[in-house]
Amino acid sequence: MVGLPARGKSCIAFKLARYLNWIGVKSKVFNVGMYRRDLVGVNMSSDYYSPENEEGVSSRTKVALHVVDELLRWLKEDPDAGVGILDATNTTRSRRKLMTERCAEQGVQIMFIESVLDMPEIEEKNIREHKIRCPDYQGCDADAAFRDFSARIANYKKAYETLSLDLDRELTFIRVSNITQFHINNVNCNVQSKSAYFLMNLRPHIMSTLYFTRHGESNYNTEGKIGGDAGLSENGKQYAAELGKFVEDNGLSDIPVWTSLMKRTQETGSYLPNTNVMRYKALNELDAGQCDGMTYQEIEDRYPEEFALRDLDKFNYRYPRGVSYHDLCCRLEPIIMDLEKQRTV
């Protein structure tokens, strides 16, 4: 990551890691601030971050290199590791050069993601809602903490060198400006392309509230059968009615409702007072193929080898003429992108 403090870098890093894990690329965030507190301590004043403070610069560089080495060690020792995200400021070319050389020694590709934010109201909100609550300011007056963190940002600005298409053309980077403007340079592999795709759909400044509910019990549920397109049982209808009451009592009647195309989900949705209902085929549940409409006992009796294979790896197991949970995750990817842009669903 690259950028001044309070630019949403940690939010972007953790959301990106969660997305990459979702699509099957094992990812982990290494937050330099957390390591710095363990190695150097908390309650470091804003002067610690001044480029004129040689002792502070040396200390911060040592911490950054330590974290990079931890990240590289994880990539080397974990056979499933795919992407390590260094959550730090990395605001100077010399620091980025150091990181690039360290990774190159281990044969690790590097991509920089810079978050630029020229929106004072969002910066202040980030500081007051997140930064002054971190361990660095535990027990500190809120206004004093705000002033100190603002001074920390001012110190970083003195040496800040943004990524540039003119000066950094050889680097792979994505520069996100004010959340909605993007500069993409030298992206050259699938994971990097997927990351760019995700970032272009990300809205880290939007605080979303998402409500999830299962459909009411279906007639197939009462019989222990999987799949199918059965309607609701009497218990399912009672649940749907209670759900509608909950929505109305909590003032949620105006929010959009998303359902699959299955009868049981649409029937559940029909009990809600909401009129903005969207139906997506991508939300249909897993297709069990030739096992659709069967109980698990029937599957074990009729297809014992398939039943055993499913027990070995449920996430990647694909039903005959059906799909796997991994396939389902891939199908849901556009839905995830749309959810990132929503405030309440």
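Residues numbered from 1 in each chain as written. Predicted model: local features only at pLDDT ≥ 70, side-chain atom pairs only at ≥ 80, totals over all residues. Heavy atoms only, no water.

Engineer: I'm lost on the overall build of the protein in this one. Help?
Structural biologist: A tally of helices and strands in the protein yields 13 helices and seven strands. Principal axes of the C-alpha set define a box for the protein whose edges measure 70 × 50 × 40 Å. Classification of the 345 residues of the protein by burial places 44% in the buried group. Of the contacts made within the protein by residues no fewer than 6 positions apart, 64% connect residues no fewer than 24 positions apart. As presented, the protein carries roughly 18,700 Å² of accessible surface, and 50% of it is formed by carbon and sulfur atoms. Positive and negative side-chain charges in the protein, numbering 45 and 50 respectively, have mean positions lying 3 Å apart. (Helix = DSSP H or I, 4+ residues; strand = E, 2+ residues; numbered from the N terminus. Buried < 20%, exposed > 50% of the residue type's maximum accessible area, 1.4 Å probe, protein only. Contact = heavy atoms within 4.5 Å. Areas by Shrake-Rupley, 256 points an atom, 1.4 Å probe, with all protein chains shown as cover. Lys, Arg positive; Asp, Glu negative; His and termini not counted. Charge placed at Lys NZ, Arg CZ, Asp CG, Glu CD.)

Engineer: Please clarify how the nonpolar core should be interpreted in this entry.
Structural biologist: If you look at the biggest cluster of nonpolar residues, it comprises 20 residues, and the most contacted ones within it are Met1, Leu16, Tyr19, Leu20, Ile85, Phe198 and Leu199. Within the residue set of this core, elements represented by two or more residues are helix H1 (9-22), strand S2 (81-87), strand S4 (173-177) and helix H7 (190-201). Per-element tally for this core: the top contributor is H1, with six residues. If sequence neighbours within four positions are ignored, Leu20 has contacts with Val25, Ser27, Val83, Val191 and Ser195. One finds Leu286, Ile299, Tyr319 and Val345 within the second-largest nonpolar core, a separate group that totals 16 residues. (Core = buried A, V, L, I, M, F, W, Y, C linked by side-chain atoms within 4.5 Å.)

Engineer: Whenever I open this one, the packing of aromatic side chains confuses me. Can you help?
Structural biologist: Taken as a whole and judged by the stated rule, the model has seven aromatic pairs. Residues Tyr19 and Phe198 carry aromatic rings whose centres are separated by 4.7 Å and whose planes lie at 10 degrees to one another, so their mutual orientation is stacked. In this pair, Tyr19 sits in helix H1 while Phe198 sits in helix H7, placing the two residues 179 residues apart along the sequence. The two residues Tyr19 and Phe198 agree in class, both being buried. For the pair Tyr48 and Tyr49, a centre-to-centre distance of 5.0 Å together with 90 degrees between the ring planes defines the contact as edge-to-face. In this structure Tyr48 comes out as buried when scored by relative accessible area, which is 7%. Exposure remark for Tyr49: the relative accessible area of 4% places this residue in the buried category. Grouped by ring-pair contacts, the aromatic residues Tyr48, Tyr49 and Tyr156 constitute a single cluster. Sitting over the ring of Phe146, Arg128 keeps its end group 4.0 Å from the ring centre. (Phe/Tyr/Trp six-rings, centres within 6.5 Å; stacked < 30°, edge-to-face > 60°. Lys NZ or Arg CZ within 6 Å of the ring centre and 35° of its normal.)

Engineer: I'm lost on the sheet that holds S4 in this one. Help?
Structural biologist: Sheets are built from strands paired through backbone hydrogen bonds, the pairs being either parallel or antiparallel. What the three strands build is an open sheet, ordered S3-S4-S5; its pairing is mixed. In this open sheet, the two strands that pair with only one neighbour each are strand S3 (112-116) and strand S5 (181-185). Sheet twist, expressed as the mean angle between neighbouring strand axes with direction ignored, is 10 degrees. Pairing between S4 and S5: five bridges, direction antiparallel. In the sheet register, Arg175 faces S5, and the bridge partner there is His183. (Pairing = 2+ DSSP bridges. Axes fitted to C-alpha atoms, helices over the stretch in contact; angles between N-to-C directions.)

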